[in-house]
Amino acid sequence: MRVTTIIICLLACRAANAAAQRADSTGVAGGSVSKVEQVRRAIDSVLDLRDSRRKVRVDTAYLRRAPERLRLKLRLNCSGSDITTKGTQGGSPFESALETDLRTTLSIGASYRGLSVGVALNPAKLSGKDNDYELNLTAYGNRLGGEVVFLSSKTYKGTVSAGAVETEVAAGAVSQQMLTLNAYYAFSGRRFSFPAAFTQSWLQRRSHGSFMLGLTFMGGRLRYDYGNESLPGETTLGIICAGGGAGYGYNWVTKRGWLLHLSTLPELVVFSRCRLTAAGGREKMPYRFPNIMAVGRMAVVRHFDKYFAGFTAVVNTSYIGDSDRLSVGTTKWRARMFVGIKL
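Not measured: the values here are computed from a predicted model. (Residues numbered from 1 in each chain as written. Predicted model: local features only at pLDDT ≥ 70, side-chain atom pairs only at ≥ 80, totals over all residues. Heavy atoms only, no water.)

Notes on the nonpolar core
Piece 1. Among the nonpolar cores identified, the biggest contains 25 residues, and Leu-222, Leu-237, Ile-239, Met-285 and Val-328 are the most heavily contacted of them.
Piece 2. Counting residues per element, the ones that place at least two in this core are β3 (92-99), β8 (157-162), β10 (174-186), β12 (208-225), β13 (234-253) and β19 (326-342).
Piece 3. Sequence-distant contacts of Ile-239, that is, excluding residues within four places in its chain, are made with Met-178, Met-218, Gly-219, Gly-220, Leu-222, Arg-273, Cys-274 and Ile-320.
Piece 4. By size, the runner-up hydrophobic cluster in this structure holds 22 residues, among which are Tyr-62, Met-212, Val-253 and Phe-308. (Core = buried A, V, L, I, M, F, W, Y, C linked by side-chain atoms within 4.5 Å. Buried < 20%, exposed > 50% of the residue type's maximum accessible area, 1.4 Å probe, protein only. Helix = DSSP H or I, 4+ residues; strand = E, 2+ residues; numbered from the N terminus. Contact = heavy atoms within 4.5 Å.)

And the structure:
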């Protein structure tokens, strides 16, 4: 996608320069306004060529492209994650419940015929109070799409219980670095649109649902350093696993023009390579069928004449291991509220 964008921009600039030279040679007055118009027309010509080569076949009774070419959007983003563990150590049961600080960012973005750019601001990061880093890349299509999420966090805190002893876990004792990739395939892409709910580049005109296939890859590590008598020393859990499954999504269009989206994709872990490293050495993480992962999405969108607004959320959950020996459950969520203008 990034390579395509670069090629489009280079072709547009070349076309704009040619147009400017023709205008100068014929004596037409230039000025900043006319040059902007020349660049816009050059970009449109390249994008028209791109769209003509795309064979996007949809049922126009259910879907249509958003007619406005330029959309500006202001977003408030919130995200968080939590980890739960359960098992036994030294013959004694233990469990823990940890969660990160709430991450909040403000972002502005512009989208012109599918080419988008955005800038995000994290007030906590500027003040030095946030030690978490999160990167989200999304690509939603009517038939194919997904997300790439990278999380690096050092703000997990909560409690760990071993036997009758409960210990507070301060921020910094548990850290996580995790890369998650989600992909989906929607069977009814001609009448059901993920972009209508999440990017507003398409409009869902009538209610429709679709069965879906999903794939998820998760890789990274969790590092525990409780530093207490119950669970002494440092423990590192390396995780590499992949899952596949099937689910369903539905876009409901109300009589007042609201779009409500809800979808779920439960998946079975079909590949797992998890290793636990502690003071006693390295060993395979225990496994008991089934280990599962799941992706849930929801959205509420409302279009007006020149404006649009809404809310979206994506939740990733996973469960791996064996609860009698050691199991780890993770939840990662992201929510966005947005308002935009169509030009």
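Topic: the environment of Arg-103
Piece 1. Turning to its location among the elements, Arg-103 is positioned in strand β4 (residues 103-112).
Piece 2. Along the backbone, Arg-103 and Arg-334 are 231 residues apart, and their C-alpha atoms lie at a distance of 9.3 Å.

Details of the pattern of salt bridges
Piece 1. Scanning all chains against the criterion turns up 7 salt bridges.
Piece 2. Asp-59 is the partner of Arg-191 in a salt bridge, and the nearest nitrogen-oxygen pair spans 2.9 Å. Within this pair, whereas Arg-191 is found in the loop between β10 and α4 (194-198), its partner Asp-59 is found in the loop between α2 (31-53) and β1 (63-65), the two being separated by 132 residues in sequence.
Piece 3. Among the residues examined, Arg-191 registers a relative accessible area of 31% and is labelled partly exposed.
Piece 4. Measuring nitrogen to oxygen at the nearest pair gives 2.4 Å for the salt bridge that ties Arg-288 to Asp-324. Of this pair, Arg-288 sits in the loop between β16 (281-284) and β17 (292-303) while Asp-324 sits in the loop between β18 (307-322) and β19, placing them 36 residues apart in sequence.
Piece 5. Here the residues in one salt-bridge network are Arg-103, Glu-134 and Lys-332, joined through shared partners. (Salt bridge = Lys/Arg side-chain N within 4 Å of Asp/Glu carboxyl O.)

Some thoughts on unusual backbone geometry
Piece 1. With an omega dihedral of 0°, the bond running from Phe-289 to Pro-290 counts as a cis peptide bond.
Piece 2. Located in the positive-phi region is Gln-200, a residue other than glycine, with phi close to 60°.
Piece 3. By the element assignment, Gln-200 lies in the loop between α4 and β11 (202-204).
Piece 4. Relative accessible area serves as the criterion here: at 0%, Gln-200 is assigned to the buried category.

Remarks on a nonpolar patch on the surface
Piece 1. A cluster of nonpolar residues, Leu-179, Leu-181, Phe-217, Ile-240, Leu-268, Val-270, Phe-271, Tyr-287, Phe-289 and Ile-292, forms a patch on the protein surface that exposes about 920 Å² of accessible area.
Piece 2. Counting residues per element, the ones that place at least two in the nonpolar patch are β10 and β14 (258-272).
Piece 3. Per-element accounting of the nonpolar patch gives the leading share, 3 residues, to β14.
Piece 4. Position of Leu-181 among the secondary structure elements: in strand β10. (Patch = residues over 30% accessible without salt bridge, like charges linked within 9 Å, V, L, I, M, F, W, Y side chains within 5 Å. Areas by Shrake-Rupley, 256 points an atom, 1.4 Å probe, with all protein chains shown as cover.)

So, empty space enclosed by the protein
Any space left empty among the atoms is revealed by the rolling of a water-sized probe across them.
Piece 1. Enumeration according to the criterion identifies 2 cavities of 30 Å³ or more in this entry.
Piece 2. Size it by volume and the largest cavity reaches roughly 220 Å³.
Piece 3. For the largest cavity, the lining is made up of 20 residues, of which Thr-180, Met-218, Asn-316, Thr-330 and Lys-332 are closest to its centre.
Piece 4. Those elements giving two or more residues to the lining of the largest cavity turn out to be β2 (70-89), β7 (144-153), β10, β12, β17, β18 and β19.
Piece 5. Of the residues forming the lining of the largest cavity, the biggest block, 4 residues, is contributed by β10.
Piece 6. When the residues that make up the lining of the largest cavity are grouped by side-chain class, the tally is 8 nonpolar, 10 polar and 2 charged.
Piece 7. Within this model, the second largest cavity holds a volume of roughly 30 Å³.
Piece 8. What lines the second largest cavity is Met-178, Met-218, Ile-239, Ser-318, Ile-320, Val-328 and Thr-330.
Piece 9. Of all elements in the fold, only β18 and β19 reach the threshold of two or more residues within the lining of the second largest cavity.
Piece 10. Within the lining of the second largest cavity, the residues separate by chemical class into 5 nonpolar, 2 polar and no charged. (1 Å grid on protein atoms, 1.4 Å probe; cavity = no way out; pocket = protein on both sides within 12 Å on 5 of 7 lines; lining within 4 Å. Points joined across faces, edges and corners; volume = space filled by probe spheres on them. Nonpolar A, V, L, I, M, F, W, Y, C, P; charged D, E, K, R; others polar.)

Structural notes on the confidence of the model for the protein chain
Piece 1. Within the protein chain, residue pLDDT values average 82, and 78% of them lie at 70 or more.
Piece 2. Note that residues 1-13 has pLDDT below 50 and, in this model, 10 contacts with residues that lie over four places away or in other chains. (pLDDT = per-residue confidence, 0-100.)

Quick word on the packing of aromatic side chains
Piece 1. Across all of its chains, the model carries 10 aromatic pairs by this definition.
Piece 2. Across the ring face of Phe-338, the terminal group of Lys-73 is positioned such that the distance to the ring centre comes to 5.0 Å.
Piece 3. The lysine or arginine in question, Arg-206, covers the ring of Tyr-62, its NZ or CZ lying 4.6 Å from the ring centre. (Phe/Tyr/Trp six-rings, centres within 6.5 Å; stacked < 30°, edge-to-face > 60°. Lys NZ or Arg CZ within 6 Å of the ring centre and 35° of its normal.)

What to know about the environment of Pro-93
Piece 1. Positionally, Pro-93 belongs in strand β3.
Piece 2. Given the relative accessible area of 52%, Pro-93 is considered exposed.
Piece 3. As a C-alpha pair, Pro-93 and Asp-324 span 231 residues in sequence and 8.5 Å in three-dimensional space.

Quick word on the environment of Ala-309
Piece 1. Mapped onto the secondary structure, Ala-309 falls in strand β18.
Piece 2. With a relative accessible area of 25%, Ala-309 lands in the partly exposed category.
Piece 3. It is 5.5 Å that separates the C-alpha atoms of Ala-309 and Phe-338, two residues lying 29 residues apart in sequence.

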